[in-house]
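Secondary and tertiary structure notes
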Amino acid sequence: MSKPDRYVGLDNDQFGGMSMIGKVIRDARVFGLIADDETCEGWEIGRINVLKDQVDAEWDKYGCMVSQLPEDLLKRHQEIYNAAITKAKEMGWSGEYETHSDD
C-alpha cells in the first residue's frame, strides 16, 4: 500500500493529530510559522517536510528542549499541547500510538 502524497489535516489525523506530522504542526504554531487555525489539510508531503525543517531550525535555537524556551514560547507550547492532549484523550488516545512504528 502506498502512502498518501497529501496530508489529511490535523483535525482529520488519528486522535486529532497525535502523530509525527501533528507534532510538527503544533510546534509550527508555537513558533508562529503558521496560523493557529492552519491544519495543513491537503498539503503535499514535501511542503510538510519544508515546515518540519523550519520547526527544527527553531528548536535548534533552544537546544531542542522545552525547558529552554523563553517564557512566552513556553506558555504557548503548554497551551497548545495541553489542548491537543485533552482533545486526543477525549477521542480515546492513550499515548501508545506515538510509541509504535508504522512498519
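In this report, the structure presented in the accompanying data block is examined.

Reading the values: the criteria
Residues numbered from 1 in each chain as written. Predicted model: local features only at pLDDT ≥ 70, side-chain atom pairs only at ≥ 80, totals over all residues. Heavy atoms only, no water. Helix = DSSP H or I, 4+ residues; strand = E, 2+ residues; numbered from the N terminus. Expected span 1.5 Å × (residues − 1). Buried < 20%, exposed > 50% of the residue type's maximum accessible area, 1.4 Å probe, protein only. Arc of directions from axis to C-beta. Axes fitted to C-alpha atoms, helices over the stretch in contact; angles between N-to-C directions. Left-handed = near helix turned anticlockwise from the far one by under 90°. Contact = heavy atoms within 4.5 Å. Nonpolar A, V, L, I, M, F, W, Y, C, P; charged D, E, K, R; others polar. Salt bridge = Lys/Arg side-chain N within 4 Å of Asp/Glu carboxyl O. Phe/Tyr/Trp six-rings, centres within 6.5 Å; stacked < 30°, edge-to-face > 60°. Lys NZ or Arg CZ within 6 Å of the ring centre and 35° of its normal.

In this section: helix α3 (residues 71–90). In a regular helix each residue adds 1.5 Å, so 20 residues correspond to 28 Å; α3 covers 28 Å between its end C-alpha atoms and thus fits that length. Turning to α3, its buried residues are L73, H77, I80, Y81, A84 and A88. Take α3 and look down its axis: the buried residues cluster within an arc of 90°, on one side only. Facing away from the buried side of α3 by over 90 degrees, the exposed positions are E71, D72, K75, K89 and E90.

This part covers the packing of helix α1 (residues 20–30) against α3. It is at 9 Å that the axes of α1 and α3 come closest, and there the two elements cross at 145°. You can see that α1 and α3 cross each other, and the crossing is right-handed. Here K23, R26, D27, R29 and V30 of α1 come into contact with α3, specifically with L73, R76, H77, I80, Y81 and A84. Broken down by class, the residue content of the contact of α1 with α3 amounts to 5 nonpolar, 1 polar and 5 charged.

Bringing the pattern of salt bridges into the picture now. Enumeration over the complete set of coordinates arrives at 7 salt bridges. The shortest N-O distance in the salt bridge between E58 and K61 comes to 3.0 Å. For E58, a relative accessible area of 18% corresponds to the buried category.

Let's shift gears to the packing of aromatic side chains. Going through the model one piece at a time under the given rule, you end up with 2 aromatic pairs. Measuring from centroid to centroid gives 6.3 Å for F31 and Y62, while their planes differ by 5°, and the two rings are stacked. You can see F31 sitting in the loop between α1 and α2 (45–60) and its partner Y62 sitting in the loop between α2 and α3, a full 31 residues away along the chain. Aromatic ring contacts, followed pair by pair, group F31, W59 and Y62 into a single cluster. If you follow R47 out to its NZ or CZ, it ends over the ring of W43, 3.7 Å from the centre.

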